[in-house]
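Chains, contacts and geometry: an overview
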Protein chains: 2
Amino acid sequence: MAAETMQPSLKILGFVNNDIRSLSEAPKGYDESDRIGYLEIFTEYLEGLKGIEAGQTIMVLFWLHESSRDILKVHPRGKREIPKRGVFSTRSPVRPNPIGVSELEVLEIDGTRLKVKGLDVVDTTPIIDIKMKI
Amino acid sequence: MAAETMQPSLKILGFVNNDIRSLSEAPKGYDESDRIGYLEIFTEYLEGLKGIEAGQTIMVLFWLHESSRDILKVHPRGKREIPKRGVFSTRSPVRPNPIGVSELEVLEIDGTRLKVKGLDVVDTTPIIDIKMKI
């Protein structure tokens, strides 16, 4: 298969449920967010959550479905006074694969529903992976 | 669109070029690797790299193309003496979306070729994103 035509498909694991309704309301990064909400994971992935406990920090990968995939240069943090840079030297949600990576504190876990703190993504954002923080 | 049928496609940005030839040779994590190699990015994404400089630490997302997508419980770090846990409570490459996240030191950058230190993935692994480390 030619490299350029290989396009792996992602599985959606679940969705964010929180009160951030628009990108303009979202914190610029998890490191400056204390927003609380839920990761609602589909039941078929329940087994994969065993071992996650309240008090842990998890790394969560989101599919930033509202972000452009065709822009390669941006003003860092959206600040027009900073010259444009390549998206790969920023944390902009705008990038060829709009994947967001956040480190979140687990407050509670109830089956497939994780209450977490530090959210910087909007309600209904798809979740594509969860890992332990190194 | 029903949640379960939404399957975003990833764009491959380039490939790893290093001397790790098999999974058994690969370090268990970037945090215990001093392996040096190259991120070879396709020319169409050159603009996105502007701003990355030697000495920086970048977060790189890989598509772990050799990993199973159908296993939800594993022995952490492959150690059989540790009871199985859910993949989302580990850093196992085995998971529904086999995305690896590494933090790598940039040693040199020459156009679309980045020499990096800390690699824990095998030669020819697809690269799907690069971000600044927070």
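This text follows the structure it describes.
Worth saying up front: this structure is predicted, and the values here are computed from it rather than measured.

**Section: the overall build of chain A**
- Helix and strand content of chain A: 0 helices and 8 strands.
- The linear arrangement of helices and strands in chain A, starting from the amino end, is β-β-β-β-β-β-β-β.
- In terms of overall size, chain A behaves like a compact globule, its C-alpha atoms giving a radius of gyration of 16 Å where 134 residues would be expected to give roughly 14 Å.
- Each principal axis of the C-alpha distribution contributes one length, and for chain A these read about 45 × 40 × 30 Å.
- In chain A, which comprises 134 residues, the proportion classed as buried is 50%.
- Summarising the internal contacts of chain A: among those between residues at least 6 apart in sequence, 75% fall at separations of at least 24.
- In the form shown here, chain A has an accessible surface area of approximately 6200 Å², with 47% of it arising from carbon and sulfur atoms.
- Taking the average place of the 19 positive charges on the side chains of chain A and the average place of its 20 negative ones, the gap between the two points comes to 7 Å.

**Section: the sheet that holds strand E3 (residues 57–63) of chain B**
All names here are of chain B.
- One closed barrel holds the 6 strands; their spatial order is E1-E2-E7-E6-E3-E8, and the pairing between them is antiparallel. Put simply, the sheet's adjacent strands are angled 45° from each other on average, direction ignored.
- One ladder, built from 7 bridges, connects E3 with strand E6 (residues 99–110); its direction is antiparallel. If you follow Thr57 over to E6, its bridge partner there is Glu105.

**As for the pairing of strand E2 (residues 36–41) of chain A**
Residues and elements named next belong to chain A.
- Where strand E1 (residues 14–17) and E2 come together, 4 bridges link them in antiparallel fashion. Looking at E2, one finds that Val16 is bridged to Leu39.
- In this sheet, strand E7 (residues 113–117) lies alongside E2 in antiparallel orientation, the contact comprising 5 bridges. Opposite Leu39, over in E7, you have Leu114 as the bridge partner.

**Focus on the pattern of salt bridges**
- Going through the model one piece at a time under the given rule, you end up with 20 salt bridges over all chains.
- The shortest N-O distance in the salt bridge between Asp70 of chain A and Lys11 of chain B comes to 3.8 Å. Taken together, the residues Asp70 of chain A in the loop between strand E3 (57–63) and strand E4 (73–74) and Lys11 of chain B in the segment before strand E1 (14–17) connect one chain to another.
- Lys11 of chain B sits in the partly exposed class, given a relative accessible area of 24%.
- Residues joined in a network through salt bridges with shared partners are Arg95 of chain A together with Asp129 and Lys131 of chain B.

**Thoughts on the relation of the copies chain B and chain A**
- When chain B is fitted to chain A, the best match, at an RMSD of 0.0 Å, comes from turning it 180° and sliding it 0.0 Å along the axis. Expressed as a symmetry operation, the mapping of one chain copy onto the other fits a two-fold axis. In terms of proximity to the rotation axis, the leading residue of chain B is Ser9 of chain B, whose C-alpha is 2.3 Å off the axis.
- Looking at the interface residues of chain B, 100% of them are also at the interface in chain A, so both copies use one shared face.

Cut-off values and rules
- Residues numbered from 1 in each chain as written.
- Chains lettered and ligands numbered in written order.
- Predicted model: local features only at pLDDT ≥ 70, side-chain atom pairs only at ≥ 80, totals over all residues.
- Heavy atoms only, no water.
- Helix = DSSP H or I, 4+ residues; strand = E, 2+ residues; numbered from the N terminus.
- Rg over C-alpha atoms; globule rule 2.2 N^0.38 Å.
- Buried < 20%, exposed > 50% of the residue type's maximum accessible area, 1.4 Å probe, protein only.
- Contact = heavy atoms within 4.5 Å.
- Areas by Shrake-Rupley, 256 points an atom, 1.4 Å probe, with all protein chains shown as cover.
- Lys, Arg positive; Asp, Glu negative; His and termini not counted.
- Charge placed at Lys NZ, Arg CZ, Asp CG, Glu CD.
- Pairing = 2+ DSSP bridges.
- Axes fitted to C-alpha atoms, helices over the stretch in contact; angles between N-to-C directions.
- Salt bridge = Lys/Arg side-chain N within 4 Å of Asp/Glu carboxyl O.
- Least-squares fit on C-alpha atoms with pLDDT ≥ 70 in both.

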